[in-house]
Amino acid sequence: MARKLKRIAILTGGGDCPGINAVIRAVAKKAIVEHDATVIGIEDGYEGLVKGRHRRLHYDDVSGILTLGGTILGTSNTANPYRYPVRTRRGLQFRDMSAVALDNARQLDMDCLVCIGGDGTLDTASRLSREGVAIVGIPKTIDNDLRGTDVTFGFDSAVHIATEGIDRLHSTAQSHHRVMVVEVMGRNAGWIALHSGVAGGGDIILIPEIPYDADVVADKVKERNRRGKRFSIVVVAEGAKPRGGDVVIQRIVKKSTDPVRLGGIGFVLAAQIEKITSIETRAVVMGHLQRGGSPTPYDRILATRLGTTAVDMVRDRQLGQMVGVKGDSLVGVPLEEVARGPRTVPPDHPLIRAARAIGTCFGD
Ligand code: F6P
């Protein structure tokens, strides 16, 4: 007889993204329907694990959330148990609260903790797993920058939103003969810019993996003008940087283990393009719009597959692993492999080659 699970906990960490609730629903429903298990939701990511804040999730709690944005459990991208931020009279300090987190995990007496997160969350999951917590990870991030998986859920939704933004900006660019610079998210990886740029017909796509030259960008705009195309669309990743230069930082979140928040390159670049070309250039930052709202059908399906497979991995004691997408299959990938740093866009990626073949400029 197949092994039955008794108790499973779910935690969502890092930035929110479309599809998290669809994963929570898939994990919880399968655990309840197939195993009659008790499902516990940890609140606000690792903050809830450190503070012992959790609640039971009944079938009805996870019903009707497939299309809902955000996470019904809440999240935190600063509550790393190994470097936990605490406000003291002497200012912000960091404490190792991992012993408390481990103790709380033990008290939950669960078959497994399912951690839904990006690199930060899964890096912590990897450490907790090495210290004895039974963990299965699920790859979540709009950035699509996780190792060990072809794709993360949330990425398709973000690309969809960014592409719609680019489509809409074409109207003003065309009517007013302007250059529109669209800044998209992605941290130090250019996946969102590349995919939305190609899907939205961007004339120039700038990604962190290919440092750009502002003069090359301006030349492309001028060349288009000479050919009668009196507008241009530039899609720039927030982590893009000029050759020999650096990224633009929007803010430093001191509490965060990864404190740098990128943003603002769109405005810098727009000013440069306008100065060199004398063509009116405006910048739009897509920002957190890319993380909000309902997941695409692709992400809903992926979320459902990832969540249900995670429960099978718990049943089969494939612990300390993340569910990774490899072609058409879902496979277990050791969490250590995932924690080995971001997966960026190879500069010779087939989509870059295809875009170059139709005349798209990458600023190099
Ligand atoms: O990792 C997802 C992401 O949206 C990145 O694309 C972006 O750089 C970052 O999170 C923004 O983080 P925050 O919401 O903390 O500003």
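Residues numbered from 1 in each chain as written. Predicted model: local features only at pLDDT ≥ 70, side-chain atom pairs only at ≥ 80, totals over all residues. Heavy atoms only, no water.

Trainee: Explain the environment of Val86 to me, please; I cannot follow it from the model alone.
Mentor: Among the secondary structure elements, Val86 is positioned in strand 4 (residues 84-88). Overall, the relative accessible area of 18% leaves Val86 in the buried class. Between the alpha carbons of Val86 and Ile301 there is a distance of 39 Å; along the sequence they are 215 residues apart. (Helix = DSSP H or I, 4+ residues; strand = E, 2+ residues; numbered from the N terminus. Buried < 20%, exposed > 50% of the residue type's maximum accessible area, 1.4 Å probe, protein only.)

Trainee: Sorry, what's going on with the packing of aromatic side chains here?
Mentor: Aromatic rings in a pair are described by how distant their centres are and how their planes are angled relative to each other. Inspection of the entire model under this criterion finds 0 aromatic pairs. A cation sits over an aromatic face here: Arg83 above Phe94, 3.7 Å from the ring centre. Over the ring of Phe231 we find Arg224; its NZ or CZ atom is 5.0 Å from the centre of that ring. (Phe/Tyr/Trp six-rings, centres within 6.5 Å; stacked < 30°, edge-to-face > 60°. Lys NZ or Arg CZ within 6 Å of the ring centre and 35° of its normal.)

Trainee: I'm lost on the sheet that holds strand 8 (residues 179-184) in this one. Help?
Mentor: Pairing between sheet strands relies on hydrogen bonds along the backbone, with the strands arranged either parallel or antiparallel. Here 4 strands make up an open sheet; going across it, the order is 9-10-8-13 and the pairing parallel. Looking along the sheet, the strands with just one partner apiece sit at the ends: strand 9 (204-206) and strand 13 (281-285). For this sheet, the mean inter-axis angle between neighbouring strands, taken without regard to orientation, is 15°. Relative to strand 10 (residues 232-237), strand 9 is paired through 3 bridges, and the arrangement is parallel. Residue Ile205 lies in a different strand from strand 10, and its bridge partner there is Val235. Its contacts with the sheet place helix 8 (residues 265-277) against strand 8, strand 9, strand 10 and strand 13, and it is angled at close to 170° to strand 13. (Pairing = 2+ DSSP bridges. Axes fitted to C-alpha atoms, helices over the stretch in contact; angles between N-to-C directions. Contact = heavy atoms within 4.5 Å.)

Trainee: For this particular structure, what's the right way to read the domain arrangement of the chain?
Mentor: You'll often see interface size given as the accessible area lost when the parts meet. In terms of domain boundaries, the chain breaks down into domain 1 (7-153 + 295-338) and domain 2 (156-292). On a C-alpha basis, the centres of domain 1 and domain 2 stand 32 Å from each other. Contacts between the two partners involve 20 residues from domain 1, matched on the other side by 19 residues from domain 2. Around 1700 Å² of area is buried between domain 1 and domain 2 when both sides are counted, 50% of it from carbon and sulfur atoms. Three residues, Thr78, Ile142 and Asp143, lead the burial of domain 1 against domain 2; their summed loss comes to 31% of the area buried on that side. Scanning the region where domain 1 abuts domain 2 turns up 4 salt bridges. Between Asp143 and Arg187 there is a salt bridge, with the nearest N and O atoms lying 3.4 Å from each other. There are 10 residue pairs in polar contact (both at pLDDT 80 or more) connecting domain 1 and domain 2. Listing elements by their share of the side of domain 1 that touches domain 2, those giving two or more residues are strand 5 (91-95) and helix 9 (297-315). Looking at the side of domain 1 that touches domain 2 residue by residue, the classes come out as 8 nonpolar, 6 polar and 6 charged. (Domains from an automatic or database assignment. Buried area = accessible area lost by both parts, 1.4 Å probe. Salt bridge = Lys/Arg side-chain N within 4 Å of Asp/Glu carboxyl O. Polar contact = N/O pair within 3.5 Å; in protein donor to acceptor, adjacent residues only side chain to side chain. Nonpolar A, V, L, I, M, F, W, Y, C, P; charged D, E, K, R; others polar.)

Trainee: It is not clear to me how the pairing of strand 10 should be interpreted in this structure. Could you clarify?
Mentor: Regular strands have side chains that alternate between both faces of the sheet. Among the 6 residues in strand 10, 6 count as buried, and that is most of the element. Side chains Ser232, Val234 and Val236 project from strand 10 onto one buried face, and the interleaved Ile233, Val235 and Ala237 project onto a second face that is buried too. Pairing between strand 8 and strand 10: 6 bridges, direction parallel. Counted as the bridge partner of Val179 is Ser232 from strand 10.

Trainee: Mind showing me how you'd approach the packing of helix 7 (residues 214-226) against helix 8 here?
Mentor: Pairs of packed helices are described in terms of their axes, by the angle between the two and the distance that separates them. Where helix 7 contacts helix 8, the axes come no closer than 9 Å and their chain directions differ by 60°. When the axes of helix 7 and helix 8 are compared, the pair comes out oblique. Relative to helix 8, the crossing made by helix 7 is right-handed. For the pair helix 7 and helix 8, contact is made by Ala214, Asp215, Val217, Ala218, Val221 and Lys222 and by Gln272, Ile273, Ile276 and Thr277, respectively. A breakdown of the residues in the contact of helix 7 with helix 8 according to their chemical character gives 6 nonpolar, 2 polar and 2 charged. (Parallel < 35°, antiparallel > 145°, perpendicular 65-115°, else oblique. Left-handed = near helix turned anticlockwise from the far one by under 90°.)

Trainee: Whenever I open this one, unusual backbone geometry confuses me. Can you help?
Mentor: Most peptide bonds take the trans form, and the phi angle of most residues other than glycine is negative. Its identity is not glycine, yet Asp36 carries a phi of approximately 55°, on the positive side. Considering the arrangement of structural elements, one finds Asp36 in the loop between helix 1 (20-35) and strand 2 (38-42). Phi at Asn144 takes a positive value of approximately 60°, unusual for a residue other than glycine. Note that Asn144 resides in the loop between strand 7 (135-139) and helix 5 (155-176). Residue classification places Asn144 among the buried positions, given a relative accessible area of 3%.

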